[in-house]
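Now for the letters of each chain:
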Amino acid sequence: MKYVCDVCGYIYDPAKGDPDAGIPAGTEFKDIPDTWVCPICGVSKDQFSPVV
């Protein structure tokens, strides 16, 4: 499942991960460390919502 940043609209796609932040492809959103932040605007994980 993809998640979207409520602030800037960045979409976290588990199939791609976030390699620049050390999150490998295939990492589910729930498995990302709580210290991870949006690579675009810098907000925390709790500012993301599931894409429906």
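Residues numbered from 1 in each chain as written. Predicted model: local features only at pLDDT ≥ 70, side-chain atom pairs only at ≥ 80, totals over all residues. Heavy atoms only, no water.

1. Points about the overall build of the protein
Along the backbone of the protein there are 0 helices and 3 strands. Tracing the protein from N to C terminus, the helices and strands come up as β-β-β. In terms of overall dimensions, the protein has C-alpha extents of about 25 × 25 × 15 Å along its principal axes. Looking at the protein as a whole, 33% of its 52 residues are labelled buried. For the protein, the accessible surface area stands at approximately 3,300 Å², while carbon and sulfur atoms represent 56% of it. With 4 positive and 8 negative side-chain charges, the protein shows a spacing of 6 Å between the two charge centroids. (Helix = DSSP H or I, 4+ residues; strand = E, 2+ residues; numbered from the N terminus. Buried < 20%, exposed > 50% of the residue type's maximum accessible area, 1.4 Å probe, protein only. Areas by Shrake-Rupley, 256 points an atom, 1.4 Å probe, with all protein chains shown as cover. Lys, Arg positive; Asp, Glu negative; His and termini not counted. Charge placed at Lys NZ, Arg CZ, Asp CG, Glu CD.)

2. Some details on the state of the cysteines
Taken as a whole, this structure holds 0 disulfides when the rule is applied. The closest cysteine sulfur to the non-disulfide-bonded Cys5 is located on Cys41, 3.7 Å from its own sulfur. (Disulfide = S-S within 2.5 Å.)

3. Notes on the nonpolar core
Judged by nonpolar contacts, Tyr3, Cys5, Tyr10, Tyr12, Ile23, Phe29, Ile32, Trp36, Cys38, Val43 and Phe48 together constitute the single largest core of 11 residues. Every residue in contact with Phe29, bar those within four places of it in the chain, is listed here: Tyr3, Tyr12, Trp36, Lys45 and Phe48. (Core = buried A, V, L, I, M, F, W, Y, C linked by side-chain atoms within 4.5 Å. Contact = heavy atoms within 4.5 Å.)

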